[in-house]
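Structural characterization, general
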Amino acid sequence: MGTRRNGLRRESFVLSVDVGTTTIRCHVFDKEAKIRGSCSSKVVLLYPEPGLVELDPEELWTGFIKVVKGAVQDAGVQMCQIESLGISTQRGTFTTWDRTTGRPFHNFISYQDLRAAKSVCSWNSSYTMMAVQGALKLLYLISKQKRFLAASVVVFSTQHVTFRLLWALTHYKELSQAVAEGTCCFGTIDTWLLYKLTKGEVHATDYSNASATGMFDTYQMGWSGLLCSAVSLPLSILPKVEDTSYGFGSTDPSIFGVSIPITALMADQQAAMFGECCFDVGDVKITMGTGTFINIHTGSKPHTSIAGLYPLVGWKIKEEVVFLAEGNAADTGTAIKWAQGLGLFSDVKETSAMAYSVADSDGVCFVPSFSGLQGAPLNDPQACASFMGLKPSTNKSHLVRAILESVAFRIRQLYQTMLSETCIPITKIRVDGGVCSNDFVVQLTTDLIGRKIARPTHHEMSCRGAAFVAGLGVGFWKNQEELKRLHTTDEMFLPRQAAQTSTDLGVVSGEYVPVLQSWEKALRRSMEWYNRP
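In short, a report on the structure. (Residues numbered from 1 in each chain as written. Predicted model: local features only at pLDDT ≥ 70, side-chain atom pairs only at ≥ 80, totals over all residues. Heavy atoms only, no water.)

Another point: helix α1 (residues 57-75). Residues spaced three or four apart along an α-helix face the same direction, because each turn holds 3.6 residues. Compared with the 27 Å implied by 1.5 Å per residue over 19 residues, the 27 Å span of α1 between its first and last C-alpha is a close match. Along α1, the residues that are buried comprise P57, L60, W61, G63, F64, I65, V67, V68, G70, A71, V72 and A75. Where α1 starts, the residue carrying a side-chain oxygen 2.9 Å from the main-chain nitrogen of E58 turns out to be D56. G76 sits one or two positions beyond α1 and adopts a positive phi of about 70°. (Helix = DSSP H or I, 4+ residues; strand = E, 2+ residues; numbered from the N terminus. Expected span 1.5 Å × (residues − 1). Buried < 20%, exposed > 50% of the residue type's maximum accessible area, 1.4 Å probe, protein only. Polar contact = N/O pair within 3.5 Å; in protein donor to acceptor, adjacent residues only side chain to side chain.)

Printed below as a string of structure tokens:
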């Protein structure tokens, strides 16, 4: 595989960009799936008011161009040697723009944004919602179709696009006018970047991104007309949904000097799953990044959840459709970054040693809920972040250990929900994300769930996954078996043989039973905090 110039075959590469919550990262991958060049840029989050989180679309676009050019330069190659481009993006962050001019009507509204929290709570507890859920349960009893059962227990979340988009439609006059005139485009970050890269030629997304918006029916594999009609969202503004591996078009030559085929769009968590080579039913991926995400491969059919795991399209490549069930918890990396800003430590790498330097957290519990306790099994956007159990003997190391323990405790909570919900035998567990470089967190997670966990050489898997899908699309790599052979594991964490105790918390190491019980008590006290008089 290569580019022929003057009769000579030149080495070719795949380019992949991941737009995360805090960083835009680009890697140049060679045929051995090794990173030959990299560049990154910070994502600047805007906080116009308490609870509001936004991104400047033009600043994001500038950052995207910067990292692509920087990574290619760092690799010492030329743009004409890039065979294809794959893009992985954070999910649920969206903007709207004018179809003819390309001008955004407002900033990107982040998935972390809480402007629609009251609307979400109001709708979830409304008589309309109860009536809809009752009707759906009746439809399930009559038809036995699982999609009706799944829909009957779904509750809206602020992380989903639905109510934030409704807020935008009612607060931005230009936007509502454009909808009426048929000149409005909606898009998550992947759609916006694709639109910009093709100079307005393509308005599309892929199944993995669409399925994470809260407006997509994973059973019907299309935008949910029923939902959009119920909450008055216009279907006309939504992008076309294509396969994850697809010829989305090529970059306009004025941007990078050459046209580069765009052959993969992918949501970040699904991309990380693909990058970890979790291709088999029962494979589990745990991402410890800005938030915590736990995904399990459920096969060719979506999982019907009762406790709140979210059914997602993992990827669609030609005839293959893979579904995942996901549990998530916000504020994992956010809490660690906050603690660093507070002066608890100067370098994140110190935290593992600090946690190991004390025997326990001195009875201190930390609840990591700066954005509420989103996701299964809690689903409480009104919860507050908190330290509980502070005493005169508490020092910095105790506080750091409590923060790191809270990450592992929340992962265990999600893992237990996943086990009881899916009843799928676990085949393997892999971790990724910046926080997984912390030995204390990964080892404690391993001990708490009682399963071995593999940590890869490179912790940022979303970029790798998008590259894999993009490369498969142009024949750069042949198949998934080749990708498995290229996958490398840095370290395997094994559960320590501590005494196991069976409690209402499940089977856990005996030393952690009272700690977990205290933490769950702290969780309960933090819930509904902002609803209290």
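The tally for this structure, following the rule as stated, stands at zero disulfides. Of all cysteine sulfurs in the structure, the one in C278 sits closest to C277, which takes part in no disulfide; the separation is 7.7 Å. (Disulfide = S-S within 2.5 Å.)

Turning our eyes to something else, we now look at the pairing of strand β3 (residues 13-19). Most of β3 is tucked away, with seven of its seven residues classed as buried. Here β3 shows no split at all, with F13, L15, V17 and V19 on one side and V14, S16 and D18 on the other all buried. Pairing of β3 with strand β7 (residues 82-89), which is carried by seven bridges, proceeds in the parallel orientation. Across the sheet, L15 pairs through a bridge with L85, a residue of β7. Pairing between β3 and strand β4 (residues 23-29): six bridges, direction antiparallel. Counted as the bridge partner of V19 is I24 from β4. As consecutive antiparallel partners, β3 and β4 are separated by three residues. (Pairing = 2+ DSSP bridges.)

The next subject is the nonpolar core. With 53 residues, the main nonpolar core has V284, I286, M288, M418 and I429 as its most contacted residues. With 40 residues, the next largest nonpolar core counts L60, I65, A75 and I82 among its residues. (Core = buried A, V, L, I, M, F, W, Y, C linked by side-chain atoms within 4.5 Å.)

Below, the discussion takes up the environment of T62. Here T62 is to be found in helix α1. Judged by relative accessible area, T62 falls into the exposed class, the value being 52%. Between the C-alpha atom of T62 and that of F387, which follows or precedes it by 325 residues, the distance is 39 Å. Of the polar contacts made by the side chain of T62, one reaches the backbone oxygen of E58; its length is 2.9 Å.

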